[in-house]
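Reading the structure
Okay, here's what each chain looks like letter by letter:
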Amino acid sequence: MTRRVVITGVGLITPLGIGTETTWQRLIAGESGIRRISNFDAEAAGMACTIAGEVPDFDVNTFINRKDARKMDTFIQYGVAAAQLALEHSGLVIDEHNAERVGVTIGSGIGGLTMIERTMRAYEKGGARKISPFFIPQTIINMISGWVSMYSGAKGPNGATVTACATGTHAVGDAFEIIARGDADAMIAGGAEACVCELGIGGFCASKALSRRNDDPQAASRPWDADRDGFVMGEGAGVMVLESLDSARKRGANIIAEVIGYGMSGDAYHMTSPAPGGEGGARCMRSALQRAGIAPEDVDYINAHGTSTPAGDLAETQGIEAVFGEHAKKLMVSSTKSMTGHLLGATGGIEAGFVALALQNGVVPGTMNLDNPDPQCTLDYVPNEARQEAIQVAISNSFGFGGTNASVILKAFS
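I will try to describe carefully the structure that is included in this document. (Residues numbered from 1 in each chain as written. Predicted model: local features only at pLDDT ≥ 70, side-chain atom pairs only at ≥ 80, totals over all residues. Heavy atoms only, no water.)

1. Remarks on the pattern of salt bridges
- A full pass over the atoms with the stated rule returns 16 salt bridges.
- Ionic pairing is found between E198 and R121, a salt bridge with its closest N-O pair at 3.0 Å. Taken together, the positions of E198 in helix 8 (residues 198-206) and R121 in helix 4 (residues 113-126) put the pair 77 residues apart, joining distant regions of the chain.
- Owing to a relative accessible area of 27%, E198 belongs among the partly exposed residues under this scheme.
- Overall, the relative accessible area of 39% leaves R121 in the partly exposed class.
- Residue R222 is joined to D371 by a salt bridge in which the shortest nitrogen-to-oxygen separation is 3.1 Å. With R222 in the loop between helix 8 and strand 8 (236-244) and D371 in the loop between strand 12 (363-364) and strand 13 (387-388), this residue pair connects regions lying 149 residues apart in the sequence.
- The class of R222 is buried, set by a relative accessible area of 5%.
- One salt-bridge network, in which partners are shared between bridges, spans R3, R101 and D185. (Salt bridge = Lys/Arg side-chain N within 4 Å of Asp/Glu carboxyl O. Helix = DSSP H or I, 4+ residues; strand = E, 2+ residues; numbered from the N terminus. Buried < 20%, exposed > 50% of the residue type's maximum accessible area, 1.4 Å probe, protein only.)

Below is the structure:
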């Protein structure tokens, strides 16, 4: 059985703000959520990168009671909060009549790194007695889905995807497949991350992956610009409510967009670098197109992985050119990471949400800071401002360490 799957709710906790509407309005206005790091003194710690996209003004007690919040790492708190926002946006009420038909799949690329760092320091000072009995459930990734199920009452399929920076997109795609084959009527799906800590920033600094444009934070993330020098870390969560079309119609839900395709692939090439020519990402997009049953010429817009790294941006461009041929020049391709930074495992959930909102509102977010285009990257990257455009079909791409790739295809609902 294959059923049509639609999106009825989007919940966003991002460096641009708390809530979907706040984030969306700042995004299409071209604003940036990237600032100097406030979680710790990165400069005093000797970090090469001292900037990040931190979530502003997050009050956990708005979403989670104090007793439960103490049992969660920050990434779990973000995921639970975004799920609550998505459910509120969708209007889906979970009760004894539908609980077993509503599932959860929310993942993270790294998980509870902040709590691991904090607990290790406590252990070094006071020994084993300083380790919290909640330490393990505070940090393991599937606890986002576990807590969301406890807070919402969802008793259907429950799991967590962990595929580095492709996590959120894989979670959305997996939820799409679960509903399409009839194993659930609705899924709460996405990703969450909170790695703006000394180990997170320090680790990526050590691998020379982060931008060093510390004197101009809001201009540091600049996908496809010739002066890009690495990505900017972000944190937050993006969660969506996906439903079968029958379920959404039966309850009179506001349908935001339809999910029509999902693709996955592996590079089998390198631990962190993309395959030459973006070959792995190209196979992933082709797979999604095949699953959707559409031609490359049917696609209007791609929300690219576009992290602002020299190798990654070029490889994705080459992959798009390989898949779309001459149509690649007619595509709009943008990277919202130019404003949010790269939220690792959360990014796919957030960006799939952006694509759904772009289809619903007829606005394509721009790529900020594209002032000096890389001569090897010649697509229409929607430079420096959002564009009013009634798009019909769009792709959201996410590619992760280990050569894992994910693409989901969304369509304007009609």
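Having seen it, we continue.
2. Section: the nonpolar core
- Ranked by size, the top nonpolar core spans 44 residues in total, and within it I7, L242, L359, I391 and L410 carry the most contacts.
- Top element by residues in this core is helix 13 (residues 347-361). It accounts for eight residues.
- Discounting residues that sit within four places of it in the chain, I7 has contacts with M240, V241, L242, N254, I255, I256, A257, V259, A356 and L410.
- Counting residues in each nonpolar core, the second largest holds 37 residues, with L85, A99, W147 and V239 among its members. (Core = buried A, V, L, I, M, F, W, Y, C linked by side-chain atoms within 4.5 Å. Contact = heavy atoms within 4.5 Å.)

3. Here we look at helix 6 (residues 143-152)
- Of all ten residues making up helix 6, eight are buried, and the element is well covered by its neighbours.
- Among all positions in helix 6, only M143, I144, S145, G146, W147, V148, S149 and S152 are buried.
- Where helix 6 is buried, its residues contact helix 2 (66-69), helix 3 (74-90), strand 5 (102-107), helix 5 (135-139), strand 6 (158-159) and strand 7 (186-193).
- One or two steps after helix 6, the chain reaches G153, where phi turns positive at roughly 90°.

4. Brief notes about the pairing of strand 14 (residues 393-400)
- Buried residues dominate strand 14, accounting for eight of its eight residues.
- Side-chain alternation along strand 14 places V393, I395, N397 and F399 on one buried face and A394, S396, S398 and G400 on a second face that is also buried.
- As paired elements, strand 10 (residues 301-303) and strand 14 share three bridges and run parallel to each other. Its bridge partner lying in strand 14, N303 is registered against S396.
- Taken together, the eight bridges between strand 14 and strand 15 (residues 404-411) define a ladder with antiparallel strand orientation. Bridging across to strand 15, G400 finds its partner in T404. (Pairing = 2+ DSSP bridges.)

In short, geometric facts, not functional conclusions.
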